[in-house]
Amino acid sequence: MIDVIINVTLLAFLAITAVAIIRMSNLFAIIMLFSMFSFLSAGVFIVMDAIDVAFTEAAVGTGVSTVLMLATLALTKDQKEKQPVAHRPWLPLTVVIVTGSALVYGTLDIPPFGDPDAPAQTHVAPEYLERSIPETGVQNVVTSVLASYRGFDTLGEVTVVFTAGIAVMLLIGGRRRKEELEQPQGDPDDA
Amino acid sequence: MDFIIGHYNYWVVIFLMMAGFYTIISRGNLVKKIVGLNIFQVSVFMLYITMSTVHGGAAPIISEGVENYSNPLPHVLILTAIVVGVATTSLGLALVVRIKEAYGTIEEDEIHELDHSL
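Thresholds, definitions, all that
Residues numbered from 1 in each chain as written. Chains lettered and ligands numbered in written order. Predicted model: local features only at pLDDT ≥ 70, side-chain atom pairs only at ≥ 80, totals over all residues. Heavy atoms only, no water. Helix = DSSP H or I, 4+ residues; strand = E, 2+ residues; numbered from the N terminus. Expected span 1.5 Å × (residues − 1). Buried < 20%, exposed > 50% of the residue type's maximum accessible area, 1.4 Å probe, protein only. Arc of directions from axis to C-beta. Contact = heavy atoms within 4.5 Å. Phe/Tyr/Trp six-rings, centres within 6.5 Å; stacked < 30°, edge-to-face > 60°. Salt bridge = Lys/Arg side-chain N within 4 Å of Asp/Glu carboxyl O. Domains from an automatic or database assignment. pLDDT = per-residue confidence, 0-100. Core = buried A, V, L, I, M, F, W, Y, C linked by side-chain atoms within 4.5 Å.

> What should I look at first to understand helix α6 (residues 125-136) of chain A in this one?
Residues separated by three or four positions in an α-helix point in the same direction, a consequence of the helix having 3.6 residues per turn. The terminal C-alpha atoms of α6 of chain A, which comprises twelve residues, lie 16 Å apart, in line with the 16 Å expected from a rise of 1.5 Å per residue. Turning to α6 of chain A, its buried residues are A125, Y128, L129 and S132 of chain A. The buried residues of α6 of chain A all sit within an arc of 100° when viewed along its axis, so they share a single face. Facing away from the buried side of α6 of chain A by over 90 degrees, the exposed positions are E130 and P134 of chain A. Against the buried residues of α6 of chain A lie α5 (119-122) and α7 (141-149) of chain A together with α3 (72-103) of chain B.

> Which parts of the structure should I look at to understand the packing of aromatic side chains?
Two aromatic rings are characterised by how far apart their centres lie and by the angle between their planes. All names here are of chain A. Considering all chains together, one arrives at three aromatic pairs over all chains under this definition. Relative to Y149, the ring of Y128 lies with its centre 5.0 Å away and its plane at 75°, an arrangement referred to as edge-to-face. One end of the pair, Y128, is in helix α6; the other, Y149, is in helix α7, and 21 residues separate them in sequence. Accessibility expressed as a relative area gives 30% for Y149, which makes it partly exposed.

> What am I meant to see in the pattern of salt bridges here?
When their charged atoms lie close together, side chains carrying opposite charge are able to pair. Evaluated as defined, the whole model comprises four salt bridges over all chains. Linking K33 of chain B and E108 of chain B is a salt bridge whose minimum nitrogen-to-oxygen distance equals 3.6 Å. With K33 of chain B in helix α2 (residues 30-52) and E108 of chain B in helix α4 (residues 108-115), this residue pair connects regions lying 75 residues apart in the sequence. Residue K33 of chain B is classed as buried on the basis of its relative accessible area of 16%. Look at E108 of chain B and you get partly exposed, because its relative accessible area is 32%. Residues joined by salt bridges that share partners form a network here, namely E127, R131 and E135 of chain A.

> Can you help me understand the domain arrangement of chain A in this one?
Many structure descriptions define interface size as the accessible area lost when the parts assemble. Segmenting chain A into domains produces domain 1 (1-80) and domain 2 (121-183). The centre of domain 1 of chain A, based on its C-alpha atoms, is set 22 Å off from the matching centre of domain 2 of chain A.

> Where do I start with the confidence of the model for chain B in this structure?
Any residue range with low pLDDT should be treated as having predicted coordinates unsuitable for detailed reading. Residue and element names in this part refer to chain B. Taken as a whole, chain B shows an average pLDDT of 88; of its residues, 98% reach a score of 70 or greater. Mean pLDDT across the secondary structure elements of chain B bottoms out at α4, with 85, and peaks at α2, with 92. Among the scores for the predicted complex, ipTM is 0.90 and pTM is 0.87.

> What is the right way to read the nonpolar core from this model?
Nonpolar side chains tend to gather and get buried jointly when the protein is soluble and globular. If you look at the biggest cluster of nonpolar residues, it comprises 59 residues, and the most contacted ones within it are L14, F37, F45 and V53 of chain A together with L16 and M46 of chain B. When residues of this core are assigned to domains, at least three fall in each of domain 1 (1-80) and domain 2 (121-183) of chain A. Excluding its chain neighbours within four sequence positions, the residues that come into contact with F37 of chain A are L14, T17 and A18 of chain A together with L16, I39 and V42 of chain B.

Structure (structure tokens):
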């Protein structure tokens, strides 16, 4: 019972944070609120027994994402979001409400939260739980699936991260050096 | 009442998804759009983890005296998704920095004005 209460409270906090992010226009505050949002979601993952996901979300989602966004803010020097002159929220609001109601309609058939007889729980998951120790000798099933059963998946993930790293370097890294070569004094605005 | 508690997680997750979606389509600031994209992403993670939870289940680390475990497969998928998500976020932010240098602004309508595209 207590974990249901914690779960409900944390999810309510998440919803409040999301609304606050939409309403804010100061970009620094938005990024800080997003960091909070991410950390709250790590708390929700712990309540839902996904400790590995919670670790990763707290370290990568909260830490690295926030640092990247703050670095972008420092490079673009744009502190405030410009409020649209003619603010017409009706079209996006309608799109969002229609999509949201379609999704809620879809959840009505989903087995309730935590149901042990749900199809997701009875298909291949018990096999992994039973065979992890005899086949790989790893107690943490998440680790054994990630590194052993689905090792190629993780290799693909590394490829994606590598590609993204190269793309970021091509977009930002190379041009800096070229600028320095062309004008050794450097733009005073660029400091 | 049981139906509401059993589906509360899904509905909050959908609300968060739609909050992120709304931020993406209604705001012109590119950094805020990326924050909206991240909110959407995190809510998808929560949808998967919600499906993996079993009542009375422990975290999927095999130990003696524990019979019930949560489903480890969604955890693995989401671990991968979190890392890939950060990679795409960093790529998006790099594009924002590049756009700022080329156009001098990160507001979408000003970029369109400079491009005469709208």
